[in-house]
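# Per-entry structural report
One letter stands for each residue in the lines below.
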Amino acid sequence: MADSTPSVIAPTPDGVDQFFWDGVAQKRFLLQKCTACGALRQPPAPMCAECNALEWDTQEASGRATVYSWLVSHHPTEPDAAPRIIVVLDLEEGVRFVANLVECTLDDVRFGLPVELTWVEFPSMNREAPQILPQFRPTGDGG
Ligand SMILES: [Zn+2]
């Protein structure tokens with residue numbers, strides 16, 4: 001790993017988001033989908049906010065999205081060589097998702113920037129195995 005690659009704390013799924021992290025381990029980007037009304041929900045929740053049903057399944061997301069908003073994160077005690085760009089994304093499927101934006105400078109971030117999913121391995125602070133995380137990068141098609 002390059003020196004600029006930050007370490008991350010591996011996630012501790014709490015039950016309702018177990019499916020998401022199981023998907024991440026297989027590089028599958030899964031969204032929770034209500035089986036009663038078909039509504040997607042993100043972040044994962046036990047009950048559908050649209051119809052109150054408890055039954056759900058998963059749907060694999062395309063990984064295509066646009067930037068809704070962003071901020072720059074500076075580590076509070078160990079400044080990163082390159083501060084992270086945290087984005088709120090509008091996924092193509094119609095729900096929002098928070099992730100890191102990679103392969104992009106702050107000067108190039110803008111509202112509506114088209115981005116795509118990429119899988120990145122980070123050293124884990126609390127586990128031996130590296131942690132794979134979904135990240136997003138500009139598609140490069142200009143949008
Ligand atoms: Zn529903």
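Residues numbered from 1 in each chain as written. Predicted model: local features only at pLDDT ≥ 70, side-chain atom pairs only at ≥ 80, totals over all residues. Heavy atoms only, no water.

## Examining the overall build of the protein chain
Where we set the bar: Each helix is a run of H or I in the DSSP string that is no shorter than four residues. Each strand is a run of E no shorter than two, and both are numbered from the N terminus. With C-alpha atoms as the basis for the radius of gyration, the globule rule is written as 2.2 Å multiplied by the number of residues raised to the power 0.38. Burial here depends on accessible area, computed with a 1.4 Å probe over protein chains only, as a share of the maximum for the residue type. Under 20% is buried, over 50% is exposed, and the range in between is partly exposed. Residues are treated as being in contact if the distance between any of their heavy atoms lies within 4.5 Å. Reported accessibility uses the Shrake-Rupley method at a 1.4 Å probe radius. Residues are deemed covered only where the shown protein chains occlude them. We score Asp and Glu as negative and Lys and Arg as positive, and we do not count His or the chain ends. Here the site of a charge means NZ on Lys, CZ on Arg, CG on Asp, or CD on Glu.
The helix and strand inventory of the protein chain stands at 1 helix and 8 strands. Taken from N to C terminus, the helices and strands of the protein chain fall in the order α-β-β-β-β-β-β-β-β. Against the globule reference of 15 Å for 143 residues, the protein chain gives a C-alpha radius of gyration of 16 Å, in line with a compact fold. Principal-axis analysis of the C-alpha atoms gives the protein chain an extent of 45 × 40 × 25 Å. Each of the 143 residues in the protein chain was classed as buried or not, and the buried ones make up 34%. Within the protein chain, counting contacts between residues at least 6 apart in sequence, those at least 24 apart form 53% of the total. Total accessible area on the protein chain is roughly 8,400 Å²; 50% of this is exposed by carbon and sulfur atoms. Measuring between centres, the 10 positive side-chain charges of the protein chain sit 4 Å from its 20 negative side-chain charges.

## Section: the coordination of the zinc ion
Let me state the cut-off plainly: A 2.8 Å cut-off from the metal defines N, O and S donors, relaxed to 3.2 Å for Na, K and Ca; water is not in the atom list, so some sites may appear incomplete. Here a site with four donors is tetrahedral if all angles are between 85 and 135 degrees, and a site with four or six donors is square planar or octahedral if opposite donors are over 155 degrees apart and the other angles are between 65 and 115; anything else gets the irregular label.
Cys 34 (SG), Cys 37 (SG), Cys 48 (SG) and Cys 51 (SG) make up the full set of protein donors to the zinc ion, lying at 2.3 to 2.4 Å. Here the zinc ion is ringed by 4 donor atoms whose angles at the metal span 105 to 114 degrees, and the overall shape comes out tetrahedral. As a motif over one chain, the donors of the zinc ion read C-x2-C-x10-C-x2-C. Here Cys 34, found in strand S1 (residues 30-34), pairs with Cys 48, found in the loop between strand S2 (40-41) and strand S3 (56-60); they are 14 residues apart in sequence, far enough to count as distant. Given a relative accessible area of 2%, Cys 34 falls into the buried group. Take Cys 48: its relative accessible area is 1%, and that puts it in the buried class.

## Focus: the sheet that holds S2
Definition in use: Criterion used throughout: strands pair if DSSP finds at least two bridges between them. Fitted lines through C-alpha atoms give the axes, limited to the stretch in contact for helices. The angle between two N-to-C directions lies from 0 to 180 degrees.
Strands sit in the order S2-S1-S3 across an open sheet of 3 strands; the sheet is antiparallel. In this open sheet, the two strands that pair with only one neighbour each are S2 and S3. Across 2 bridges, S1 lies against S2 in antiparallel orientation. Bridge assignment links Gln 32 to a residue of S2, and that residue is Arg 41. Along the sheet face, helix H1 (residues 18-25) touches S1 and S3 and points at about 145 degrees away from the line of S1.

## So, the pairing of strand S7 (residues 114-122)
Examined bridge by bridge, strand S4 (residues 64-73) and S7 share 3 bridges and lie antiparallel to one another. Across the sheet, Arg 64 pairs through a bridge with Glu 116, a residue of S7. Where S7 lies against strand S8 (residues 131-138), 8 bridges are found, and the strand directions are antiparallel. Bridge assignment links Val 120 to a residue of S8, and that residue is Leu 133.

## Concerning the pattern of salt bridges
Threshold: Should a side-chain nitrogen of Lys or Arg be within 4 Å of a carboxyl oxygen of Asp or Glu, the pair is scored as a salt bridge.
For the structure on display, the rule yields 5 salt bridges. Across the pair Asp 90 and Arg 96 runs a salt bridge whose closest N-O atoms are separated by 2.7 Å. The residue Arg 137 makes a salt bridge to Glu 116 at a minimum N-O spacing of 3.1 Å. On the criterion of sequence distance, the pair formed by Arg 137 in strand S8 and Glu 116 in strand S7 is long-range, its members being 21 residues apart. For Arg 137, a relative accessible area of 26% corresponds to the partly exposed category. Accessibility expressed as a relative area gives 27% for Glu 116, which makes it partly exposed. What you see here is one network of salt bridges that share partners, running through Glu 103, Glu 116 and Arg 137.

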